[in-house]
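# Fold and geometry: a report
In case you want the letters, here they are:
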Amino acid sequence: MSPRGLRALAAVAAAAACLAGPPRPALAAEETPGALRECHVAGFRNGVLCGTVRRPLAPGQAERGSIDIHYVVVPALARRKLPDPVFFLAGGPGQSAISLAPQVMGLFARLNNRRDVVFIDQRGTGRSAPLACKDPEDETLAEQAEPERQQRLIAQCKATLLKQPWLKAESDLGFFTTTIAVQDLDAVRRQLGAARIDLIGGSYGTRVALEVLRQFPSTVRRSVIDGVAPADMALPASYSTDNQSAFDRLVEACAAEPACARAHPQLRARMVALLQSLPREARAQHPLTGVEESFTLTRELVLGAIRGALYAPALAAALPEAIEAAARGDYAGLIGLSATQGSGKALRLAMGMHLSVVCAEDLPRLAAATDKPGSEFGTAFAGIYEKACAIWPRGAVPPEFYSLPKSPSATLVLSGGLDPATPPRHGERVAKALGPLARHLVVDNAGHGVMTIGCMRDVIFRFIDAATDAEALAVDAGCIARVPRPPAFVSLRAAQAKASEPAR
């Protein structure tokens, strides 16, 4: 799940016309708007294939109209390709898989030798009836800190979306849930004529993969789920617990690292003191414009910056220094870290789709959640979602959506030991529920999303390419133990200051 909102909420991922294999099932008329066509997608040197599948907005309610689900297929390079394409499932919720495609194709280069790779813009994202809110790129620091601004932006977003031709009523925003989106995905599979597919999903994409396994188990040959976000996790509650755990590990790592321990011996105390001093008036340079601004530094801004940096250990390495500086009144480090979160266009979320998913699937379970709020992170993040979802239409979710399926085929479950959003405790529970055909790998020193790290792309290739489930589950992954944790950043000024302190 993404760490950003409209700052905090928004704030890891082309087939030939004929696929070898069994005869294709007949297609419903709604699923045949046109054959695959050659097209160009920004970021790809060569042409790919584009397709659409027409789907009812509301299953079983034709009077509500239909939408087109867009997808891109990167054709296999080999002439004698294998019949099971790889479907990439984007995160968020709210990311466009097609926008991410150029960035992630490097992970799938070996798989793409003999398999088509398919990127579907899930309903509500990209070009598939998008529910995208205007991205407030030019926000000042003061605007980011204004507590009621986010609510106004969400209300404005909803009003704008309701003018789109694919939405005829406010309740139509409730038809963008994971359960319905997975039925769209299966329609793409049928249109491509693939009897079985391989799934690779990250973050929210793991929830999509689990729902495919629940609804269409016989269609899945292999699954890789990275940073597991099961449907029953009650996101806002678990987020505080998991953020706190990741921050606690950061404090422990600093204490165990001599240079960090010397420079920041009171790291947790500095953090607590900083939070207790908020809100306070502050000045800092805007990290994107360089203009110095006056603003109110709030608890939400500080925790948002810390939460986002924890997603990537390389950024988290700068947190001890940034927290120490902020406690002295220098906020440039924390504000700079906050600007790194989801700044690339491909990583931006369709916030309307994000809310349609979270408000329908996670918020109803918040009151019964058993996850204990973190001592520093508290319930503020859950409060943001509660306010947003109070004005957002909520779709229906079947009770069985929250049950974890038994895996019908080999499934590789991946977790980062330092992940502040989907840590190993979620992957462990899901792997156990999936059963004997699931294997859980934990990269101890990784954050949110591990498939891009070191040897993992080769592990994933060998897992999917293996001839049998048994061979796939036995793939050697010992290389993940060698992934190091980045050492804490210690500035020369901090090191010199500590060296000049009188001995005690």
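Throughout what follows, the structure given in this document is the object of discussion. Since the structure is predicted, the reported quantities are computational estimates derived from the model, not experimental observations.

What counts and what doesn't
Residues numbered from 1 in each chain as written. Predicted model: local features only at pLDDT ≥ 70, side-chain atom pairs only at ≥ 80, totals over all residues. Heavy atoms only, no water. Pairing = 2+ DSSP bridges. Helix = DSSP H or I, 4+ residues; strand = E, 2+ residues; numbered from the N terminus. Axes fitted to C-alpha atoms, helices over the stretch in contact; angles between N-to-C directions. Parallel < 35°, antiparallel > 145°, perpendicular 65-115°, else oblique. Contact = heavy atoms within 4.5 Å. Nonpolar A, V, L, I, M, F, W, Y, C, P; charged D, E, K, R; others polar. Salt bridge = Lys/Arg side-chain N within 4 Å of Asp/Glu carboxyl O. Buried < 20%, exposed > 50% of the residue type's maximum accessible area, 1.4 Å probe, protein only. Disulfide = S-S within 2.5 Å. Phe/Tyr/Trp six-rings, centres within 6.5 Å; stacked < 30°, edge-to-face > 60°.

### Points about the sheet that holds strand 3 (residues 66–74)
The mixed open sheet is built from 9 strands, whose spatial order is 1-2-3-5-4-6-7-10-11. Every other strand in the sheet has two partners, leaving strand 1 (37–39) and strand 11 (438–443) as the edge strands with one partner each. Taking the axes of each pair of neighbouring strands and ignoring which way they run, one obtains an average angle of 25° across the sheet. In the sheet, strand 4 (residues 86–89) pairs with strand 5 (residues 117–120) via 3 bridges, with the strands oriented parallel. Across the sheet, the residue bridging to Val86 is Val117, located in strand 5.

### A few points about the packing of helix 6 (residues 235–256) against helix 8 (residues 267–276)
The geometry of helix 6 relative to helix 8 is characterised by a closest axis approach of 9 Å and an angle of 135° between their N-to-C directions. Between helix 6 and helix 8, the angle is such that the two are oblique. Residue-level inspection shows Gln244, Phe247, Asp248, Val251 and Cys254 of helix 6 in contact with helix 8, the latter providing Leu267, Arg268 and Met271. Per-class residue counts for the contact of helix 6 with helix 8 are 5 nonpolar, 1 polar and 2 charged.

### Side note on the pattern of salt bridges
Using the criterion set out here, one finds 28 salt bridges in the structure. Where Arg110 meets Asp458, a salt bridge forms, and the shortest distance between an N and an O atom there is 3.2 Å. Placement of the pair is Arg110 in the loop between helix 1 (97–104) and strand 5 and Asp458 in helix 16 (residues 456–465), with a sequence separation of 348 residues. For Asp458, a relative accessible area of 31% corresponds to the partly exposed category. Residue Arg425 is joined to Asp371 by a salt bridge in which the shortest nitrogen-to-oxygen separation is 3.1 Å. Separated by 54 residues along the polypeptide, Arg425 in helix 15 (residues 424–434) and Asp371 in the loop between helix 13 (351–361) and helix 14 (380–389) bring together distant segments of the chain.

### A closer look at the state of the cysteines
Counted under the stated rule, the structure contains 5 disulfides. With a sulfur-sulfur separation of 1.9 Å, Cys133 is cross-linked through a disulfide to Cys157. Disulfide Cys133-Cys157: torsion about the S-S bond near -70°, hence left-handed. Here Cys133, found in the loop between strand 5 and helix 2 (141–145), pairs with Cys157, found in helix 3 (residues 149–161); they are 24 residues apart in sequence, far enough to count as distant. Each member of the pair, Cys133 as well as Cys157, is classed as buried.

### Here we look at the pairing of strand 8 (residues 280–285)
Bridge count between strand 8 and strand 9 (residues 292–297): 6 bridges; the pairing is antiparallel. By the bridge assignment, Ala282 is partnered in strand 9 with Phe295. What sits between the antiparallel neighbours strand 8 and strand 9 is a turn of 6 residues, in which Gly290 has the positive phi angle 80°.

### Some remarks on the packing of aromatic side chains
The full count for this structure, using the stated rule, is 6 aromatic pairs. Their ring planes at 55° and their centres at 5.9 Å tell us that Phe88 and Phe108 sit as a pair that is tilted. One end of the pair, Phe88, is in strand 4; the other, Phe108, is in the loop between helix 1 and strand 5, and 20 residues separate them in sequence. Each member of the pair, Phe88 together with Phe108, is buried. Between Phe247 and Phe377, the aromatic rings sit 6.5 Å apart at their centres with planes inclined by 70°, giving edge-to-face as the arrangement. Of this pair, Phe247 sits in helix 6 while Phe377 sits in the loop between helix 13 and helix 14; the two residues are 130 residues apart in sequence, bridging distant segments of the chain. An aromatic cluster is present here, built from Phe88, Phe108 and Phe119 joined pairwise through their rings.

### Some points on helix 11 (residues 319–327)
Given 3.6 residues per helical turn, the α-helix brings residues three or four places apart onto the same face. Taken across its 9 residues, helix 11 has 8 buried, putting it largely inside the fold. Within helix 11, burial applies to Leu319, Pro320, Glu321, Ala322, Ile323, Glu324, Ala325 and Ala326. Where helix 11 terminates, the next one or two residues include Gly329, which has phi positive at roughly 100°.

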